[in-house]
Amino acid sequence: MTTPEEALEKIHARFGAHAGHRVLHAKGVHCTATFTATPEAASICRAAHLSGETVEAKVRFSNGGGDPTVPDYAPDVRGLAVSWVLPDGSRTDLLAQTLPYFPSRDVDGFFAALAISKPGLGAALRLPSFVAKYPTAVRRFPETNKALNSRVGFAARRYFPFHAFRFLDADGGSRFVRYAWLPLVDEPEPSKAHVKALGRDYLFDDLRDRLEQGPVRMLLAVQLAGEGDDPDDPSAAWPHDPERRVELGTLEVTAIDDDADDGIIFDPMRLTDGIEATDDLVLRYRPDVYSLSYARRTQG
Ligand code: HEM
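What counts and how
Residues numbered from 1 in each chain as written. Predicted model: local features only at pLDDT ≥ 70, side-chain atom pairs only at ≥ 80, totals over all residues. Heavy atoms only, no water. Helix = DSSP H or I, 4+ residues; strand = E, 2+ residues; numbered from the N terminus. Rg over C-alpha atoms; globule rule 2.2 N^0.38 Å. Buried < 20%, exposed > 50% of the residue type's maximum accessible area, 1.4 Å probe, protein only. Contact = heavy atoms within 4.5 Å. Areas by Shrake-Rupley, 256 points an atom, 1.4 Å probe, with all protein chains shown as cover. Lys, Arg positive; Asp, Glu negative; His and termini not counted. Charge placed at Lys NZ, Arg CZ, Asp CG, Glu CD. Near = heavy atom within 4 Å. Polar contact = N/O pair within 3.5 Å; in protein donor to acceptor, adjacent residues only side chain to side chain. Nonpolar A, V, L, I, M, F, W, Y, C, P; charged D, E, K, R; others polar. Pairing = 2+ DSSP bridges. Axes fitted to C-alpha atoms, helices over the stretch in contact; angles between N-to-C directions. Phe/Tyr/Trp six-rings, centres within 6.5 Å; stacked < 30°, edge-to-face > 60°. Lys NZ or Arg CZ within 6 Å of the ring centre and 35° of its normal.

Peer 1: Residue-level account of the overall build of the protein, with values.
Peer 2: Looking only at helices and strands, the protein has 9 helices and 9 strands in total. In terms of overall size, the protein behaves like a compact globule, its C-alpha atoms giving a radius of gyration of 19 Å where 300 residues would be expected to give roughly 19 Å. Dimensions along the principal axes, computed over C-alpha positions, put the protein at roughly 55 × 45 × 40 Å. Within the protein, buried positions represent 48% of all 300 residues. Once local pairs closer than 6 in sequence are excluded, the contacts in the protein between residues at least 24 apart make up 75%. Only carbon and sulfur atoms are counted for the fraction: they give 52% of the accessible area of the protein, which is about 14300 Å². Here the protein contributes 35 positively and 44 negatively charged side chains, and the mean placements of these two sets differ by 6 Å.

Below, the structure is given as structure tokens:
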């Protein structure tokens, strides 16, 4: 298994080392937000932020790469990290990004995908072994590429956390769910020339401009697992079934928070009563890597 130190080396091999920045999702912006759950949310999960009372949330939008200087018009994953501040002062987090699929059941596929994403000879040489090992990920390349190349604003994107979680309700019932953040605005795909003319930071400028006009809203939904849906596999595709979709609530992003403390970790395993982790190897692996990235970027 790749140790957290080796993980950071592999990530640096892709994006370079940039002191003081997150090793991934290096370029980002903090925002203030609130979240209000639907009545349906409380019926499937007893977590405090799903009770229906409006709660505060800390939000960070980001580009996925580890180089904070890359222009926004370069193809990339976009991130949406949310940390709810619960009534007792504790927090619970949800990290999501715009690719529709995770490449594999384990972390090796993540590092293999990272390595082949770096343009150049090394990637070309690694491609045949990737194709042999991760045929499903290869079949999904068209959808993955579409997401990577989309140029629409942060507010008009779908974000996926991949991992399933177990929701517990107030009566002791439980179910596995998978989340998605859905935009409430629809935007045509702008041309490459258009966004280049807008400038290197056009996505962040666009977010700032929108927030000056009013809040940006995102809908949080879950799909309930059906028979045969594997909650431990972040790469699994759960067949879409509108009958098993529950809207949990709306995130209202209110303003850019330039004074936010960047020394915050959004941690995929920071859960709360009512939400439990599965045995997903990738989910369980991530926190140690995030902690090491955090330690390095904050140690001055
Ligand atoms: C093995 C798989 C993964 C590894 C090794 C990894 C690694 C990392 C690291 C090291 C950071 C920087 C942490 C920090 O300094 O605070 C990060 C940030 C982030 N990751 Fe991952 N990640 C993985 C999978 C995922 C997945 C599956 C998602 C979501 C679907 C995700 C979403 C994010 C987001 C949104 C951030 C930015 C958080 C922020 O804004 O502070 N990552 N990742």
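Peer 1: Which residues make up the site of the ligand, and what values do they have?
Peer 2: Near the ligand you find 25 residues, and of these R22, R60, Y290, S293 and R297 are the closest. Within the side chain of R22, one N or O atom sits 2.6 Å away from an oxygen atom of the ligand. Within the side chain of Y290, a nitrogen or oxygen atom sits 2.8 Å from a nitrogen atom of the ligand. Within the residue set of the shell around the ligand, elements represented by two or more residues are β4 (91-97), α3 (107-116) and α9 (281-298). Broken down by element, the residue count for the shell around the ligand peaks at 8 residues, all from α9. Classifying every residue of the shell around the ligand by side-chain character gives 17 nonpolar, 4 polar and 4 charged.

Peer 1: Account for the sheet that holds strand β5 (residues 164-168), with residues named and values stated.
Peer 2: Read from one edge of the open sheet, 9 strands run β4-β3-β2-β1-β8-β7-β6-β5-β9, paired in antiparallel fashion. Looking at strand neighbours, the two that pair on one side only are β4 and β9 (275-277), the edges of this open sheet. Across this sheet, the average inter-strand angle for adjacent strands is 35 degrees, counted without regard to direction. Where strand β7 (residues 216-224) lies against strand β8 (residues 245-256), 8 bridges are found, and the strand directions are antiparallel. From the neighbouring strand, R217 faces β8, where its bridge partner is E252.

Peer 1: Go over the packing of aromatic side chains with me, naming the residues and quoting the values.
Peer 2: Any pair of aromatic rings gets described here by the distance separating the centres and the angle formed by the planes. Summed over all chains, the structure comprises 14 aromatic pairs. Geometrically, the ring pair formed by F110 and F111 is edge-to-face, given 5.3 Å between the ring centres and 80 degrees between the ring planes. When its relative accessible area of 27% is taken as the criterion, F110 is described as partly exposed. According to the relative accessible area criterion, F111 is buried, its value standing at 7%. Ring pairing ties together the aromatic residues F102, F110, F111, F162 and Y285, which thus form one cluster. R140 extends its terminal NZ or CZ atom over the ring of Y101, reaching a point 3.9 Å from the ring centre.

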